[in-house]
Structures are given as C-alpha cells and as structure tokens.
Amino acid sequence: MKSRWYKDAVIYQIYPRSFCDGNGDGVGDIRGIISKLDYLQDLGVNAVWLSPCYKSPNDDNGYDISDYRDIMDEFGTLDDWQEMIDGMHARGIKLIMDLVVNHSSDEHEWFKQSRSSKDNPYRDYYFWRKGRGKDGKKPPNNWRGNFLGSAWDYDETTGEWYMHLFSKKQPDLHWDNPKVRQEVIDICNYWFDKGVDGFRCDVITYISKNQGLKDGKNPFNPLRGVENYCLGENWEKYIAEVNRESWSKYDSLIVGECAGINYEQAKQIADETKPVLDTLFNFEHMFVDFVGKFKLSRFKKIVARYQRMPSTVWTSNYLENHDQPRCIPRYVDGDEEYRKYGATMLATVNMMLRGTPYIYQGQEIGMTSCPLEEDEYKDIMSVNVIKMLNKHKIIKKLGMKILSKKARDNARTPMQWSGEKYAGFSTAEPWMKVNPNYVDVNAEKDRASEFSVFEYYKDLIAKRKQVSHILADGEWQEYYEKSNQVWVFSRKLGDAYVYVEANYGKELVEIDDRYTMDTTDAELLVCNYKYCEANVHIHTLRPYEARVYVKK
Ligand code: TEU
Ligand code: CA
C-alpha cells in the first residue's frame, strides 16, 4: 500500500499565522497560502507540512484544538482549505496536516462535557484525579509541564484536578480510553477522505501515561515526571491501532514529533517493518547548544548516529521549525557579509543527509532570529518565562538574554516577502513584530540578487533528486570527525558516491585529501561559491563554503 514517496521528497513547513495574510487583518491565512503556491512549486518542494489550521482559541497558536474537523475562523473556511489542497495537488505538492492529539483545547466540546460532572460520558476522555494533602489542594503528583509550573490544574466544578503537560488550556487526552483512540482514528480518516497525504504527529511520544501516574523521581528535571509518560507502557499498542485502522490504509507519510527520545528508541519506533511511525523528528541535536555555545563536533556526533541507522529506519532532517530559533545566528554568523554563505552552507549539509529534509518557511531566503522587546514576545512559553523572571528579578537580565536566544518567537515573525511595509506579509499591522531586517532580507530582493539563497535552494533540491538513491542506500563515512570547523562526509554505493565538505567557520580551511577522498574522478555537483575549473579539486574552503562532489 505504501510507496514511501517521502524518501525522495523535500518538505516545506508552513506556520500559517506567519506565512502570508490574504485578507489584510494582520494574521496569515489560507488564502495567503493559496497566493504563494506558485512560489512553492518554483522552489521545487514535494510536500507541505502545515502547522495546525483547525478551530482553536489560540492559547498555543493552534496547538490547542477546539474542533478537529473545521478550520480556524482567522484562517478561513473548509472551502478555502479545499481550494488550497487542490491547488497543491495540481502542482504536484502533497499536504501533511498537523495532528495534535496528545491534548485538545479546554474549549473542545469533549472537555466542556468532561469537566461538567463526574458521571458525564466524556469524563474519561481526560485525566481527572483527586488532589493530595488534607484538603485536596495539592496536585495529584509532582509532574511539571512544558510551559513551566505543575502539569495539573484544579477545577472547581467537580473539585478534581486535570492533567495538562502543556498549557492549562491544553488538557491531555486519556488514550487508555478506547473511545479516545477511536476519535483519533476517525479524525485521521476524515482528513484522508478529503485528500491529505499524511500527518505530522505532535508530541506523539507522550500519549501513553504509565499506570499509577507516579511521582517523577528527578527533582532537577524541568520536565519532572517525563519518564512516566515518554513512550509509556502502551505506546506501541495505541499507535499500532491508529496505524492499522487509518494510516496504513493510505499512501501516507506519518512523521512523529518525538520529544524526549534517544537514538536507540528512535530505531525502534521508526522502523518500516513495524506498524508504528514512518519516520520521526528527534531533538537530540537541538540540545547541543541548550546551555552554552554551539559545538560542531557534538552536533556531528549526534547526527552521525542517526545517519548510521539500519536501512529499515527512515529519519527526518531539520535545522529549523516553529519551535526553534533560526539557524542564523544560531550556527553561523548573522552579519550581512556572511549571511547568505552561512544559509546556503547549512542548506547543503541538511539536504545531503540520509532522511527527508525539511525547510521551514523563510529558511529558503536566509531569514534570521529577531531581537524582541519584553512586550513583543507572543509565545505562551516566552510569556510564562517572563512572568517567572519578573518574580525573580535577580536573574531577570540573564534570563531575558537566554530567552532572546532560545525563544520560539524567533522563528514566528512574519515571512519576509518584499521590502514593502510589513515586509509584504500583510497590508495591516501584523499580529507579531516583523524583523526589522526585512528591508535587506526578503524573498523579492533575494531572488533578484546575483547570489540568491532561494535559487540556491531550488538548485539544491533539484540536484538532490539526482543522488537521492545514493544518499538513501549508500554507506556513510565521516572524516575530520573531531573538527569543530568542518563537516566532511560521504555516502558510497558501489562505485558511485556523494562527498560533502562544509566549512562552519569564517577562516579558510584546507581539507587534506589524503585523509578524505580524491575527487578527481568526480564532478562538482553544487558549491555555494563561484569557482573556476582550476580550483575544483583544490580543497581549500572559504568562509562557510560547502561543496558536494558526485560520482555516478
Ligand atoms: O512541541 C512539543 C515540545 O516538546 C515543545 O514544547 C518543545 O519542547 C519546545 O518547543 C522546544 O523548544 C509541540 C509543538 O511543536 C509546539 O509548538 C506546541 O507548543 C507543543 O507541541 C504543544 O502542542
Ligand atoms: Ca488574514
């Protein structure tokens, strides 16, 4: 049934709120997306992963869903959505929807019913527990949520607590209840019937909570308790059920957002011989610069482990998404002098790894993280952090500095389409600040310039197709593993190979081909610098230079 088309695909993520505003109210929407479909086709991507566009009170920008079968008012209607997916399909672009079923919104009908009384038929759709302590005024366990604070909230109506691993407006669904699993299956099939090509499954690793909901052991873990619900005891069973009743019936891509897992677990849950996920997003490489500076050698080591996965396991490669700060200046210098070299170097590496590459909106024009004032942060996580810092003034300055680097808001500023007011994103003031660098960094200017990041991506995507079989099936080898300046690796398949060199620094660096590969029998497939015949096989890399050689 499954062609596994995603193994040959490049996927583009759209965060609808910030992509393009079609009706001039300052908020991105579906008509805005429709107006940019030619742009996506031109770029050459094969699929779009659309962050949630369902009905939602937007406590967490759509990751809190109040109706899984309808479209958010601000984004448009089901008719608009249909026109969008038809437009995508007409251009050979598939659509991956976001499936957010670890939790719903507290404004979902299920939760409204559930909280109304202890004997409501929907009571068991969520986790309800009595509080601890004499008066029941302490939460049922010591778990902490992703957005700071307890993972429980007290509800007056019935005098019990409900669980929420994210905001208190995102109550966790109770997957042990077979009715909940059936709801998920029905939702998936509803969208498959409308033509979607797969799902990106939000925090899917958290759906099965271990029986007993025991206290978390490690008091220093910011997510105290996570060991009791990350890949919980019935995880595989529940996912296999949804897979059997829905996902496997379609030629779909099911990519799980797998927070909290390591390489060994990844190997188990994204193996195509098992009816679980097709592939996953891992987070390990995102933690390299969690505290302190980015260290390339550590990053490479983590990625290399995923690159050496068994042939039945398929991975996904990303550097950016709506939860992460931008690559620039995270991994490379943000100065205008280097920006495009950095952007294209990172693109080259990401695109030449085994696994499906993802591009997050704006990455293809080298958008950067954005400086924000205290009142310009919009993300609930940032807002909660700022509230906390205001209670602990001593650490506020340092805290705000860290926030500016890590905040999810960095990736959520409006897409920069042109040099017009509001970056051509909208005709009205956008819901979130536009990065002031839009005058220099925007799609229109980029594409008209002699060195265009967009054009480079386009070329890279096309070239990747020529070698994707070597990337998928070739044997991985790495050189200069310990280096913090260069990333050098190859994939060999019989006599054919792909060989990649990338300079992560601003200094010239010489790659000694006695330790790497003699490329004289290969051709230069891509390079982000201008080069001449004479230096094609002289391996001196300029600042942020990346080269790919291929022998077919
Ligand atoms: O993210 C899950 C998740 O684990 C994040 O909270 C992550 O830890 C954090 O963003 C790291 O920077 C998913 C969605 O991608 C996110 O946007 C949602 O807020 C969250 O689930 C809840 O649905
Ligand atoms: Ca709008």
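How each quantity is defined
- Residues numbered from 1 in each chain as written.
- Chains lettered and ligands numbered in written order.
- Predicted model: local features only at pLDDT ≥ 70, side-chain atom pairs only at ≥ 80, totals over all residues.
- Heavy atoms only, no water.
- Helix = DSSP H or I, 4+ residues; strand = E, 2+ residues; numbered from the N terminus.
- Rg over C-alpha atoms; globule rule 2.2 N^0.38 Å.
- Buried < 20%, exposed > 50% of the residue type's maximum accessible area, 1.4 Å probe, protein only.
- Near = heavy atom within 4 Å.
- Polar contact = N/O pair within 3.5 Å; in protein donor to acceptor, adjacent residues only side chain to side chain.
- Areas by Shrake-Rupley, 256 points an atom, 1.4 Å probe, with all protein chains shown as cover.
- Nonpolar A, V, L, I, M, F, W, Y, C, P; charged D, E, K, R; others polar.
- Domains from an automatic or database assignment.
- Donors = N, O, S within 2.8 Å, 3.2 Å for Na, K, Ca; no water.
- Pairing = 2+ DSSP bridges.
- Contact = heavy atoms within 4.5 Å.
- Phe/Tyr/Trp six-rings, centres within 6.5 Å; stacked < 30°, edge-to-face > 60°.
- Lys NZ or Arg CZ within 6 Å of the ring centre and 35° of its normal.
- Axes fitted to C-alpha atoms, helices over the stretch in contact; angles between N-to-C directions.
- Core = buried A, V, L, I, M, F, W, Y, C linked by side-chain atoms within 4.5 Å.
- Patch = residues over 30% accessible without salt bridge, like charges linked within 9 Å, V, L, I, M, F, W, Y side chains within 5 Å.
- Salt bridge = Lys/Arg side-chain N within 4 Å of Asp/Glu carboxyl O.
- Lys, Arg positive; Asp, Glu negative; His and termini not counted.
- Charge placed at Lys NZ, Arg CZ, Asp CG, Glu CD.
- Buried area = accessible area lost by both parts, 1.4 Å probe.

### Considerations on the overall build of the chain
Thinking step 1. Regarding its fold elements, the chain presents 14 helices and 20 strands.
Thinking step 2. For the chain, the C-alpha radius of gyration of 24 Å lies close to 24 Å, the compact-globule estimate for 552 residues.
Thinking step 3. Structurally, the chain occupies a C-alpha span of about 80 × 55 × 50 Å along its principal axes.
Thinking step 4. The proportion of buried residues among the 552 residues of the chain is 61%.

### As for the site of ligand 1
Thinking step 1. Around ligand 1, a shell composed of 17 residues is seen, among which D60, H103, D202, H322 and D323 lie nearest.
Thinking step 2. At a separation of 2.5 Å, an oxygen atom of ligand 1 approaches a polar side-chain atom of D60.
Thinking step 3. Residue D202 places a side-chain N or O atom 2.8 Å away from an oxygen atom belonging to ligand 1.
Thinking step 4. Protein burial of ligand 1: of its 500 Å² of free accessible surface, 91% is covered by the chains.
Thinking step 5. A breakdown of the residues in the shell around ligand 1 according to their chemical character gives six nonpolar, four polar and seven charged.
Thinking step 6. Two domains each provide a minimum of three residues to the shell around ligand 1, namely domain 1 (5-104 + 178-373 + 413-448) and domain 2 (105-172).

### Describing the coordination of the calcium ion (ligand 2)
Thinking step 1. D21 (OD), N23 (OD1), D25 (OD), V27 (O) and D29 (OD) make up the full set of protein donors to the calcium ion (ligand 2), lying at 2.2 to 2.3 Å.
Thinking step 2. In terms of primary sequence, the donors binding the calcium ion (ligand 2) are separated according to D-x1-N-x1-D-x1-V-x1-D.
Thinking step 3. With relative accessibility at 8%, the residue D21 sits in the buried group.
Thinking step 4. For N23, a relative accessible area of 52% gives the class exposed.

### Structural notes on the pairing of strand β1 (residues 11-14)
Thinking step 1. The two faces of β1 match: I11 and Q13 on one face and Y12 and I14 on the other face are all buried.
Thinking step 2. The pairing of β1 with strand β2 (residues 47-50) spans four bridges and is parallel. If you follow I14 over to β2, its bridge partner there is L50.

### Examining the environment of C527
Thinking step 1. In this fold, C527 is placed in strand β18 (residues 523-527).
Thinking step 2. Given a relative accessible area of 11%, C527 falls into the buried group.
Thinking step 3. When the C-alpha positions of C527 and T344 are compared, they lie 8.9 Å apart, and in sequence the two are 183 residues distant.
Thinking step 4. Look past the residues within four positions of C527 in its chain and what remains in contact with it is Y456, E545, A546 and R547.

### A word on the sheet that holds strand β8 (residues 160-163)
Thinking step 1. If you trace the three strands from one edge of the open sheet to the other, you get β6-β8-β7, paired in antiparallel fashion. Because the sheet does not close on itself, it has two edges, and the strands there are β6 (128-129) and β7 (152-155).
Thinking step 2. Pairing of β6 with β8 involves two bridges; the strand directions are antiparallel. Counterpart to W128 in the pairing with β8 is Y162.

### Brief notes about the packing of aromatic side chains
Thinking step 1. The full count for this structure, using the stated rule, is 41 aromatic pairs.
Thinking step 2. Seen in terms of ring centroids, F192 and Y250 are 4.1 Å apart; in terms of plane orientation they differ by 10°. Their pairing is stacked. Placement of F192 in helix α5 (residues 178-193) and of Y250 in the loop between α6 (235-245) and β10 (253-257) is noted, with a sequence separation of 58 residues between them.
Thinking step 3. F192 gets classed as buried once you look at its relative accessible area, which sits at 5%.
Thinking step 4. A ring pair is formed by F299 and W487, whose centres lie 6.1 Å apart and whose planes are at 90°; its orientation type is edge-to-face. Here W487 lies in strand β15 (residues 486-493) and F299 lies in helix α8 (residues 296-307), a separation of 188 residues in the sequence.
Thinking step 5. Since its relative accessible area comes to 1%, W487 is described here as buried.
Thinking step 6. Cluster of aromatic residues (ring-pair linked, three or more members): Y54, Y68, W81, W110, Y122, Y125, Y190 and W191.
Thinking step 7. Taking NZ or CZ as reference, R17 lies 5.2 Å from the ring centre of W431, over its face.
Thinking step 8. Between the NZ or CZ atom of R447 and the centre of the ring of F454, over which it lies, the distance is 4.0 Å.

### Things to note about the sheet that holds β18
Thinking step 1. Spatial strand order, β14-β15-β16-β20-β18: five strands in an open sheet with antiparallel pairing. Edge positions in the sheet fall to β14 (475-479) and β18, since each of these pairs with one other strand and no more. The average angle at which neighbouring strand axes cross in this sheet is 20°, direction not considered.
Thinking step 2. Across the sheet, α8 lies against β14 and β15, angled at about 15° from β15, the strand it touches most.

### Some points on the nonpolar core
Thinking step 1. Residues W81, F199 and W247 are the most contacted members of the largest nonpolar core, which totals 171 residues.
Thinking step 2. With 10 residues, the top contributor of residues to this core is helix α14 (residues 453-473).
Thinking step 3. Non-local contacts of W247, meaning those with residues more than four positions away in its chain, are made with K2, L99, C188, F192, F199, C201, I239, V242, S252, I254, V276 and L277.

### Notes on a positive patch on the surface
Thinking step 1. The grouping of K397, K401, K405 and K406 at the surface amounts to a positive patch.
Thinking step 2. The residue K405 is located in helix α12 (residues 396-406) in this model.
Thinking step 3. Take K405: its relative accessible area is 55%, and that puts it in the exposed class.

### Let's talk about the side chain of E183
Thinking step 1. Following the sequence through the fold, E183 ends up in helix α5.
Thinking step 2. Although E183 is buried, it forms no salt bridge, and the closest oppositely charged side chain is R69 at an N-O distance of 4.9 Å.
Thinking step 3. Excluding its chain neighbours within four sequence positions, the residues that come into contact with E183 are W110, Y122 and Y125.

### With respect to the domain arrangement of the chain
Thinking step 1. Structurally, the chain comprises domain 1 (5-104 + 178-373 + 413-448), domain 2 (105-172), domain 3 (374-406) and domain 4 (474-551).
Thinking step 2. Each of domain 1 and domain 4 has a C-alpha centre, and the two are 30 Å apart.
Thinking step 3. Counting from both sides, the interface comprises 24 residues of domain 1 and, opposite them, 26 residues of domain 4.
Thinking step 4. Between domain 1 and domain 4 the total buried area reaches about 2100 Å² when both faces are included, carbon and sulfur atoms providing 71% of it.
Thinking step 5. Inspection of the region where domain 1 meets domain 4 yields one salt bridge.
Thinking step 6. A salt bridge links D333 to K506; the nearest nitrogen and oxygen atoms lie 2.5 Å apart.

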